[in-house]
Amino acid sequence: MNETVRSIPDRLENPALKAFKSWETLLLAVAIAIFITNSFLSPYFLNAWNLSDATFNFTEKAMIAFAMALLIVAGEIDLSVASIIALASTAMGWSLQFDPSVVTLVLIGLGTGLLCGAFNGALVTGLGLPSIVVTIGTMSLFRGISYIVLGDQGYRGYPSEFSFFGQGYVWWVISFEFALFAALAVIYYVLLHRTNFGRTVYAIGNNPTGALFSGIRVARVKFILFLLTGLMAGVAAVCLTARLGSTRPTIALGWELEIVTMVVLGGVNILGGSGSIPGVVIAAFVMGLVTFGLGLLNVPGIVMSIFIGALLIGVIALPRLWAMRRG
Amino acid sequence: MILRILKSREALLIAVIAALLALIASRFPAFIEPTNLVNVLTDTSPLIILALGQAIVILTRCIDLSVAANLALVGMVCAMLNVAVPGLPIPLIILIALGLGAILGAFNGILVWKLGIPPIVVTLGTLTIYRGLIFVISDGAWVNAHEMSASFTGFPRAEILGLPILAWLAILASIAFLIIIARTPLGRAFYAVGGNPHAAVYTGINVGKTQFWAFVLSGTLAGLTGYLWVARYSVAYVDIARGFELEVVAACVIGGIAIAGGAGSILGAILGALFLGIIKNALPVVGISPFWQLAISGAAIVIAVAFNARAGRAKGRVILKRAEAEALT
C-alpha cells in the first residue's frame, strides 16, 4: 500500500474505484427515482410526518447494517443479529420485574447484545470456525432462549419514559431513532474510511493471510467487529422494544435477511474486501422508500419480501451478467 | 480398520443415540416400544429426506437455505391441485411435486453455477421469494383437511409391513443416496468438488455443474417432502415448515458433514437427523416444554461445528507447522 491510499480511501485500485463510485451514484439515482415515482403514485407520500414515519422502516435495521457492513468487508457474516434483538429484548422485559430505571434497561439491552456478539466472536476467532454456520447455530440458540423464557407469552409494561427511544422526537419531525441513525452513519463512516482500524478491516477482507503477515491482529479485529455487530443489535433492540412497547419471541423475525440485503445493495462485496458506508446509507433509504411506497399502495408485507429477495439476488446478479456480456 | 470405524463420527453418533434411548427408556420404558419407535421414525422422515439433499449440497461447499420454503411452496401447489382436481392420481401428484421441486432447486443451482453468486446469498433470496409466492398463489388462505381428498391425505399414512409409506420413502431415499454417493461418478464428483475444486477441474469435473446437480437433487427431495408434509398434516398454509431449513442444516452438521465441504458421509447425516428427531419426540415425554426445541438444535449446531473443526484439524498433515498455527489464529 503506497501513499495514494490516503487520497482514495474506499478502494485499493483506480478502475475499481470508478466502478464503485458509479455504483453509489446509480443507487442515489434509483433512490431519487423511487422518491419521485412514489410522490406521483400516492397523494399521501409528500408529507413531512408521513416521510418521518417512513424512516422507522429502516432506521433500526440500518444501525445493524453499518456494523454488518464492516463485518462483511472483513470477510465474515453474522446471521444471528435478529435473534440477538429477540434475546436483548427478552432480557430487558425479564428485568421489568425488578422495576429497573430507564438507564438500567438500556444498559441491559446493550449488554446482552455485547455478550451475544462476544459469544459469536469467540467461536469464530477463538476456535477458527466458519461464521456462517456458527451464526446459523446461534441464530436458533439466541431466539431459542427467548422462546424458553417467554413461550407463547410476552412482556409488556415498559416505563413510559423508555418509549422515548422508539417514539420520541428530537426536533420537529426528526425522531430520536433517525437522529441516532444519522449520528451512527457518521461514526461508522469515520471508523471505516478515516481510521487505521478501517484500513485493517479492508486488508483482512482482501487477504487475511497477507494481513496477518503485515502485522495486523486479524483475530482481534474480527472479534471487535463481532462485538460491534452485537452491540448494534442491542441498540436496535432498545429502539424496537421502545417503539413496540412489548417483547415477543418472534420480535424482528427475518430481519437478518433484510439487513444483509441492505448491506449488499449498498455495494459491499459479499465475499469481503470492498464496500462503503455511504453506499449502505443510500441503500437504507432505497429500501425504506420502496417498502413505504408499496405500503401506501396496500401491498402486503409478504409480497414486499418477494421484492426484497429478488433485490438481493438481482443486485449481485446484474453486474455479473453485465460483465459476462462485455467479457 | 476396526479402530478407525470405532473412532468415526458415525460410530460415535450411534453410541450417543443408543445412550440417549437408554436414558429415556430408564424413566419412560414406553418410549422404546416398537410402535413408538415407528412413530419417531415416521416423524423424523421428512428431516431425513431433506438432510440427504442438504448433505450433498454442503459436500460441494454450498448451502441450501431454501429447502423449507421450497417444501412449503410445492406442498401448497399440490394441495391446491388436489382441491381443484380431486381425481388426480397420487403418482401424478408425486411426479409434479418432484418436478416442481427440481425446478426450484435448479433455479438456485443456475444462479450459483452460471453467475457465481455465493450460495448463501442465492438461497437466502429464494427462501423469501418462494415463501412470498405461496402467499401470492394462495392469497394467504389455508387449505384444510376437509378440502383434500381421502387418497391425497391417506397416501403417506398407508402402512406396508407395519411401516407407513412416509417412513418407507425415507428409507428408500436413504438407500438410493448411499448408492449414488458411493457408486456413481456424480457421487464421487460431489466429494471431489468440495475437497479441492482446483484439483477437481484438472480431473475433468465441471465444478459449477456438479454444484448445480446438488441443488437440483436437494430441490427434488424438498418437493417430494412438500407433498408428504402437506398430506400427512392435512393442512397447507404460508408458514408451514418455517425455519425447518435450520434443523436440516443442524442434522448435517451434527452428522459430521464439514461445512467447508468435501468431508462427511450420508450415513452421518441420516444419524444426525435421527438424533434430532429422537430429542424432538422425547421432549414432551420427559416433560420439557417444546419451546426448548429451537435452543437445543441451535446449541447442537454450535457444539457439532466446534467438534467438527477439532476433528478435522487433527487429521490434517502439517507441513509448515509454525506458519499454519499462526494462520489459524
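The rules behind these values
Residues numbered from 1 in each chain as written. Chains lettered and ligands numbered in written order. Predicted model: local features only at pLDDT ≥ 70, side-chain atom pairs only at ≥ 80, totals over all residues. Helix = DSSP H or I, 4+ residues; strand = E, 2+ residues; numbered from the N terminus. Rg over C-alpha atoms; globule rule 2.2 N^0.38 Å. Buried ≥ 20, exposed ≤ 12 C-beta atoms within 10 Å, placed from the backbone. Contact = placed C-beta atoms within 7 Å. Expected span 1.5 Å × (residues − 1). Nonpolar A, V, L, I, M, F, W, Y, C, P; charged D, E, K, R; others polar. Core = buried A, V, L, I, M, F, W, Y, C linked by C-beta atoms within 7 Å. pLDDT = per-residue confidence, 0-100. Axes fitted to C-alpha atoms, helices over the stretch in contact; angles between N-to-C directions. Parallel < 35°, antiparallel > 145°, perpendicular 65-115°, else oblique. Left-handed = near helix turned anticlockwise from the far one by under 90°. Bend = angle between axes of the 7 residues up to and from the residue.

1. Observations concerning the overall build of chain B
Counting secondary structure elements, chain B contains 15 helices and two strands. Its C-alpha atoms give chain B a radius of gyration of 20 Å, within 12% of the compact-globule value 20 Å for 329 residues. Overall, the C-alpha framework of chain B stretches about 65 × 55 × 35 Å when taken along its three principal axes. Among the 329 residues that make up chain B, the fraction classed as buried is 50%.

2. Things to note about the overall build of chain A
A count of helical and extended segments in chain A gives 15 helices and two strands. In terms of overall dimensions, chain A is globule-like: its C-alpha atoms have a radius of gyration of 20 Å, near the 20 Å expected for 327 residues. In terms of principal-axis extent, the alpha carbons of chain A reach across some 60 × 55 × 35 Å. Burial analysis of chain A (327 residues in total) assigns 49% to the buried set. Sequence separation of at least 24 residues holds for 79% of the intrachain contacts in chain A that already meet a minimum separation of 6.

3. Some thoughts on helix α6 (residues 119-138) of chain B
Residues and elements named next belong to chain B. Between its first and last C-alpha, α6 extends 28 Å over 20 residues, near the 28 Å set by a 1.5 Å rise per residue. Within α6, 16 of the 20 residues are buried, which leaves the element mostly enclosed by the surrounding structure. Just downstream of α6, Asp 139 is the residue with a positive phi angle, here 60°.

4. Digging into the interface of chain B and chain A
With 41 residues of chain B at the contact, the number on the chain A side is 42 residues. Secondary-structure elements contributing two or more residues to the side of chain B that touches chain A are α5 (90-115), α6, α12 (244-254), α14 (292-315) and α15 (321-328) of chain B. No other element matches the 13 residues that α6 of chain B contributes to the side of chain B that touches chain A. Of the residues in the side of chain B that touches chain A, the class split is 30 nonpolar, nine polar and two charged.

5. Some remarks on the nonpolar core
Within the largest apolar cluster, 207 residues are counted, with the highest numbers of intra-cluster contacts made by Ile 85 of chain A together with Ala 51 of chain B. At 15 residues, helix α12 (residues 218-244) of chain A tops the list of elements feeding residues into this core. Ignoring any residue separated from it by four or fewer positions in sequence, one finds Ala 51 of chain B in contact with Val 248, Ala 251, Cys 252, Ala 269, Ile 270, Gly 272 and Ala 273 of chain B.

6. Side note on the confidence of the model for chain A
For chain A, mean pLDDT is 88; residues scoring 70 or higher make up 93% of the total. Here residues 1-9 of chain A scores under 50 on pLDDT; set against residues more than four positions off or in separate chains, the count is two contacts.

7. Considering the environment of Ile 187 of chain A
Within the secondary structure layout, Ile 187 of chain A lies in helix α9 (residues 176-193). Through-space distance from the C-alpha of Ile 187 of chain A to that of Ser 146 of chain A is 31 Å; in sequence the pair is 41 residues apart.

8. Thoughts on the packing of helix α3 (residues 34-59) of chain B against helix α8 (residues 165-183) of chain B
Residues and elements named next belong to chain B. As a packed pair, α3 and α8 sit with axes 8 Å apart at the nearest point and diverge in direction by 40°. Considering the angle they form, α3 stands oblique to α8. For the pair α3 and α8, the sense of crossing is left-handed. Residues Val 38, Leu 41, Thr 42, Ser 45, Ile 48, Ile 49 and Leu 52 of α3 touch α8, and the partners they reach there are Leu 166, Ala 167, Leu 169, Ala 170, Ala 173, Ser 174 and Phe 177.

9. Let's talk about the environment of Ile 93 of chain B
Residue and element names in this part refer to chain B. If you trace the backbone, Ile 93 turns up in helix α5. Overall, Ile 93 belongs to the buried group, with 21 C-beta atoms counted inside 10 Å. Those residues within four positions of Ile 93 in sequence are excluded, and the remaining contacts are Cys 78, Leu 81, Asn 82, Leu 88 and Tyr 227.

10. Let's talk about the environment of Gly 162 of chain B
All names here are of chain B. Residue position: Gly 162 is located in the loop between β1 (159-160) and β2 (163-164). Classification of Gly 162 as exposed rests on a count of 9 C-beta atoms within 10 Å. For Gly 162 and Gly 125, which are 37 residues apart along the polypeptide, the C-alpha to C-alpha distance reads 41 Å.

11. Side note on the confidence of the model for chain B
Residues and elements named next belong to chain B. The predicted model of chain B averages 89 in pLDDT, with 92% of residues at 70 or higher. Within the model, pLDDT remains below 50 along residues 313-320, and this stretch shows one contact once partners closer than five positions in the same chain are excluded. Here the complex is predicted with pTM 0.86, and the ipTM for its interfaces comes to 0.81.

12. Digging into the packing of helix α5 (residues 81-95) of chain A against helix α13 (residues 255-265) of chain A
Residues and elements named next belong to chain A. It is the contact of α5 with α13, at a shortest axis distance of 7 Å, that shows an interaxial angle of 130°. In this view, α5 runs oblique relative to α13, as classed from their interaxial angle. Taking contact as the criterion, the partners of Val 81, Ala 82 and Ile 85 in α5 are, on α13, Trp 255, Glu 256 and Ile 259. Residues that form the contact of α5 with α13 fall into these classes: five nonpolar, no polar and one charged.

13. Some points on unusual backbone geometry
All names here are of chain B. A positive phi angle, close to 60°, is found at Asp 139, a residue other than glycine. Its place among the elements puts Asp 139 in the loop between α6 and α7 (150-154). Not every positive phi belongs to a glycine, and Ala 241 is a case in point at roughly 60°. Looking at the secondary structure, you find Ala 241 in the loop between α11 (207-233) and α12.

14. Examining helix α15 (residues 301-326) of chain A
Taking 1.5 Å of rise per residue, 26 residues should cover 38 Å, and α15 of chain A covers 37 Å from first to last C-alpha, within 8% of that figure. Where α15 of chain A bends most, at Gly 314 of chain A, the angle is about 30°. Taken together, the buried residues of α15 of chain A touch α13 of chain A together with α5 and α6 of chain B.

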